[in-house]
Amino acid sequence: MTRTPQILVALLALASLAFAPTTVQAQSGVFNPQTFTLDNGMQVVVLANHRAPVVLHMVWYKAGSSDEPKGKSGVAHLLEHLMFKGTAKNPDGAFSRALAKHGGQENAFTNYDYTGYYQSVAADRLEMVMALEADRMTNLVLDAADVATERDVVLEERNQRIENNPGARLRIEAAQKLFPKDHPYGRPIIGWRPELAALTREDALAFYKSHYAPDNAILVVAGDVDVQDVKRLAQKHYGPIAAANAAPRTSLITDAAIEGGETILQDERVRQPGWSESVLQPSYTNGNVKRIAALEVLHEALGGGATSRLYRKLVIEQAVAVNAGTYYDSGARGEGRFMFHASPQPGVDLDTLAAAVHGEAQRLLDHGMMDGELARIKKRLVSAAVFARDEMKTGAWTIGAALAADHPISAVENWPEHIRAVSEQDVQDALAAVLAEPRRIVSKLLPTAGEGS
Amino acid sequence: MRVAQLVIAAFIFAVPFTAQAVEVTRVISPGGIEAWLVEDHANPLLAMHFAFAGGAELDPPGKAGLANLAASTMDEGAGELSSEAFQQRLTDNAITLRFKAGLDGFSGNLKTLTDTEDMAFEMLRQALTEPRFDTEPVARLKSQIVSGIRRDSENPGTVAFDALFKGFFAGHGYAQRSDGTEQSVAAITPHDLRNFVATRLARGNLKVGVVGDITPERLGQLLDSSFGPLPAKSDGVHAPEVAAQATGRVEVITKDLVQSNIVFGHGGPKRDHADYYAALVMNHILAGGSFTSRLYSEVREKRGLAYSVGASLYPLDHSGLVVGSAGTANARVGETIAIIKNEWRRMAAGDVVQQELDDAKTYITGSFPLSFTSTDKIARVLVAMQVNRLGIDYLDKRAAIIGAVTLADVKRVAAQVLDADKLDIIVVGKPEGVVSKP
């Protein structure tokens, strides 16, 4: 280039300042967000991080597959695809082209509890992405041909993720037995195939109009930004959009009976059998933070990695498993889930494996934790918060997911404090509750008969 | 309109902001070990990536999976510490230490809070120079690897890629799977593992990148303590150069699947090819841009044939490839392949305009800084810069290099590289109306 435009000089100066090594004072929370709400009800979260002159801009809609009307499963996710089809102002992929022109990256995601859209771009393009996202919040234009093509794309996505994947098919069958009949968590996010294949433009627009509104959305902006600028821009672009004042979301907490029991899927393509047991447990919706923190510690102690009790006993000592562990999700808008899982060594049947898992859990219940075990676990969990701050995007995703599931920010920000407060008795109580909970499902993934276990 | 043009031009040239802002320092330790460092004291932690030249492609015949098994077991006990004790110390101190075997290189990463950095670097030294390879952990990791091999044998994408590489590189180490086979993994002995560590990991084939809360002086000390004890040089870390043998064959691997996985490719430029950047821009237009490429537009957007479709340059140390994939229903495989080949031909014939070039270049330069969002990611880039010999000022130069690619360059490289009739195509599934053609 021959001349350097003035804007370049200013940007470079700003960039080198922005990236200059700084020591940030230790602050009390995990990500230390700044928050405010627009007059139309849109919640806004700002996470300033000046490591690189980039920004992550996210809009989370409190509308996921669990908010779909009966018979229209898959419409939330289909709509997510259709949101890229254009508006009057930015038709036919103009949004994506504009973003790509500015070196930005984008994607979207649908979950049971929310649907989100995000862009990563140079920090000085924030207004551009805000304008585009605000435009498609209420101005989406869809024609029937677009819907038909995109439905085909989603059917291929379903083929890739589910039809071609025995493990995924097993998870769907298990979910139907772990949750009551017709509970939204009992159906796949991508939808039941016949319902998905029958979705129309009108179905998509109906879901869009009833759920996509500023008072049903959370704006999260992370990166090289200043909260005052975000406030000004959010007010300018999202502020004018009218609130929808829609009915509150129906509760997903229920004490209706479940089928439970066991679910087995055999497939000729299964080469590594698997066993898991999922148990309903409190989430931040229906649980207290003391119990949730205890469950996190329990998960870490029992099955959180290669030094956990299940791994040590089943994989190393007894060598009955190739892998073994646990999983705990407290982030659902409905109930949470605690899961045990293990993959057997060849020749070991799944019931033997299950007995080994239960035996190890019972041993912890009977004898409690070893000296220093709780302190070591707490220290390692709390360190995770420091590492979480290192990646610019982590705070945005974590806080966005919490708020979109109707959980408070304190669930994230006070997490280290909750972990530090956990006692050995809390862990024992949590384990006793997990073992005693009747709402549970065992899942078994096996090859077809005659091929060994 | 002149004002708009100035603004757009400013955006294009304003993009190298990261280049000026990320300061890469060349650190040479007292013992002569080099590392590239980006100092960042924002968080009390540091991340280091390192790579030794020579990877799974050098696994001896009959012992494919050796480098991968070594990577999996070097952190399972070292020095005085048994496997459990070593892992416990890592976990308790929130230290991440991992090794990984790729086709061309043997790499690793270390991540630690500042106040445990001494312990972290000491544990790295032990893993590199005194790994125990005790019977139990070796057997355990072998069984985990074999379990993964079995699962992969039914993963259509993996099956397809393996078949593609076997065809391209018959007789060369690149045709072997890096994790090996059930038989070859069983054949690996602790002696093989000890020999691997003793002969393949040397200061002479090492590249290091570090980001975080550390000064050059302190880093120098730690580099010497961890890597200093390694031998100065390693023999036998070079595999021969090899050109991909792409003939336009079609191989159908029948599996009872609803969706077929298609994988396709032929030769492409290596990283140091004079036209590498032109090829990068060309591929972005054809198949790389996720919402904007020709393949995305024709296969997914317009016809709904696939959820996933794309292709990329795939440079290896001793060869170069262009490889792509698509997943589509069995009945539509033929149509999908025909469209991909058509787009391949169109680009090879030079059907590309300036606007497409400008848009691709703005994306490639503008999106680069987006990956600089954690210490880990930046450390990895620092190692890649060294392994590919891009120069310590690469971050400053990259935007200008991309900016210099012309339409003529793109047309020339498209004509040289792309040949639809030479695309080897592997289909895993039950494609209708598609048969193998050797």
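Refer to the structure above for everything that follows.
Being a predicted model, the structure only gives us computed values, none of them experimental.

Q: Residue-level account of the overall build of chain B, with values.
A: Within chain B, the regular secondary structure consists of 17 helices and 11 strands. Relative to its length of 438 residues, chain B is compact, with a C-alpha radius of gyration of 23 Å against a globular reference of 22 Å. Based on the C-alpha atoms only, the size of chain B along its principal axes is roughly 60 × 60 × 35 Å. Within chain B, contacts between residues at least 6 apart in sequence are counted, and of these 83% link residues at least 24 apart. Approximately 16700 Å² of chain B is accessible, and the part contributed by carbon and sulfur atoms is 53%. The positive charge centre, built from 44 side chains, and the negative charge centre, built from 51, are 5 Å apart in chain B.

Q: Residues and numbers for the overall build of chain A, please.
A: Scanning chain A from terminus to terminus reveals 17 helices and 11 strands. For a compact globule of 453 residues, the expected C-alpha radius of gyration is about 22 Å, and chain A comes in at 24 Å, within 12% of that figure. Taking the principal axes of its C-alpha atoms as reference, chain A extends roughly 70 × 55 × 45 Å. Out of the 453 residues in chain A, the part that is buried amounts to 61%. Put simply, chain A shows about 17900 Å² of open surface, and 52% of that area lies on carbon and sulfur atoms. Taking the average location of the 46 positive side-chain charges in chain A and that of its 54 negative ones, the two points are 3 Å from each other.

Q: Tell me what's going on with the interface of chain B and chain A, and back it up with residues and numbers.
A: Across the boundary between the two partners, chain B contributes 74 residues, which contact 70 residues of chain A. Buried area between chain B and chain A, both sides added, is near 6400 Å², and the carbon and sulfur share of it is 58%. Along the contact surface separating chain B from chain A lie 12 salt bridges. Put simply, K377 of chain B and E391 of chain A hold a salt bridge, and the shortest N to O gap is 2.9 Å. The interface formed by chain B and chain A includes 28 residue pairs in polar contact (both at pLDDT 80 or more). The dominant element in the side of chain B that touches chain A, judged by the number of residues it contributes, is helix α6 (residues 135–152) of chain B, at seven residues. For the side of chain B that touches chain A, the class distribution of residues is 28 nonpolar, 27 polar and 19 charged.

Q: Go over helix α17 (residues 424–436) of chain A with me, naming the residues and quoting the values.
A: The α-helix advances 3.6 residues per turn, and as a result positions three or four apart in sequence lie on the same side. All names here are of chain A. Between its first and last C-alpha atoms α17 spans 18 Å; for 13 residues at 1.5 Å apiece the expected length is 18 Å, and the two agree. Listing the buried residues of α17 in full gives D426, V427, Q428, A430, L431 and V434. Packed against the buried residues of α17 are β8 (274–281), α10 (289–303), β10 (336–344), α12 (350–367), α13 (373–390) and β11 (440–446).

Q: Summarise the pattern of salt bridges; cite the residues concerned and give the values.
A: Residue and element names in this part refer to chain A. In the structure shown here, the tally under the stated rule is 69 salt bridges over all chains. Taking the shortest distance from any N to any O, the salt bridge between D182 and K70 comes out at 4.0 Å. Pair noted here: D182 is in the loop between α6 (166–178) and α7 (193–197) and K70 is in the loop between β3 (54–61) and α2 (75–82), with a separation of 112 residues, a long-range link. Residues R169 and D267 are paired through a salt bridge, measuring 2.8 Å at the closest nitrogen-oxygen approach. Taken together, the positions of R169 in helix α6 and D267 in the loop between β7 (261–266) and β8 put the pair 98 residues apart, joining distant regions of the chain. Overall, the relative accessible area of 24% leaves R169 in the partly exposed class. Residues joined in a network through salt bridges with shared partners are K62, D67, R249, R333 and D406.

Q: Now, about the nonpolar core: what can you tell me, with residues and values included?
A: Ranked by size, the top nonpolar core spans 62 residues in total, and within it F264, V281, W344 and L395 of chain B carry the most contacts. L78, L199, L219 and I241 of chain A belong to the second-largest nonpolar core, a separate cluster that totals 52 residues.

Q: Report on the sheet that holds β3 of chain A, specifying residues and quantitative values.
A: Residue and element names in this part refer to chain A. The strand order across the open sheet formed by six strands is β1-β2-β6-β3-β5-β4, and the pairing between neighbours is mixed. Whereas interior strands pair on both sides, the edge strands pair on one side only; in this sheet they are β1 (34–37) and β4 (105–110). Neighbour-to-neighbour, the strand axes of this sheet turn through a mean angle of 15°, independent of strand direction. As defined by bridge partners, β3 adjoins strand β5 (residues 115–122) across eight bridges and the pair is classed as antiparallel. The residue bridging V59 from the neighbouring strand is Y117, located in β5.

Q: I'd like to hear about the side chain of D104 of chain B, residue by residue, with values.
A: Residue and element names in this part refer to chain B. Along the chain, the position of D104 falls in the loop between β4 (96–101) and β5 (105–113). Within the buried core, D104 has no salt-bridge partner, and the shortest N-O distance to an opposite charge, that of K270, equals 8.6 Å. At a separation of 2.5 Å, a polar atom in the side chain of D104 contacts the side chain of Y174. Within polar-contact distance, the side chain of D104 engages the backbone nitrogen of D317 at 2.8 Å. Apart from the residues within four sequence positions on either side, D104 is in contact with A53, G54, G55, E57, Y174, L316, D317 and H318.

Q: Give a description of the pairing of strand β3 (residues 45–53) of chain B that names residues and reports values.
A: All names here are of chain B. Counting buried positions along β3 yields eight of nine residues, so the element is predominantly enclosed. Where β3 lies against β5, nine bridges are found, and the strand directions are antiparallel. In the sheet register, H49 faces β5, and the bridge partner there is N109. Bridge count for β3 against strand β6 (residues 206–212) is seven bridges, and the pairing is antiparallel. Considered in β6, the bridge of F52 is made with L206.

Parameters at a glance
- Residues numbered from 1 in each chain as written.
- Chains lettered and ligands numbered in written order.
- Predicted model: local features only at pLDDT ≥ 70, side-chain atom pairs only at ≥ 80, totals over all residues.
- Heavy atoms only, no water.
- Helix = DSSP H or I, 4+ residues; strand = E, 2+ residues; numbered from the N terminus.
- Rg over C-alpha atoms; globule rule 2.2 N^0.38 Å.
- Contact = heavy atoms within 4.5 Å.
- Areas by Shrake-Rupley, 256 points an atom, 1.4 Å probe, with all protein chains shown as cover.
- Lys, Arg positive; Asp, Glu negative; His and termini not counted.
- Charge placed at Lys NZ, Arg CZ, Asp CG, Glu CD.
- Buried < 20%, exposed > 50% of the residue type's maximum accessible area, 1.4 Å probe, protein only.
- Buried area = accessible area lost by both parts, 1.4 Å probe.
- Salt bridge = Lys/Arg side-chain N within 4 Å of Asp/Glu carboxyl O.
- Polar contact = N/O pair within 3.5 Å; in protein donor to acceptor, adjacent residues only side chain to side chain.
- Nonpolar A, V, L, I, M, F, W, Y, C, P; charged D, E, K, R; others polar.
- Expected span 1.5 Å × (residues − 1).
- Core = buried A, V, L, I, M, F, W, Y, C linked by side-chain atoms within 4.5 Å.
- Pairing = 2+ DSSP bridges.
- Axes fitted to C-alpha atoms, helices over the stretch in contact; angles between N-to-C directions.

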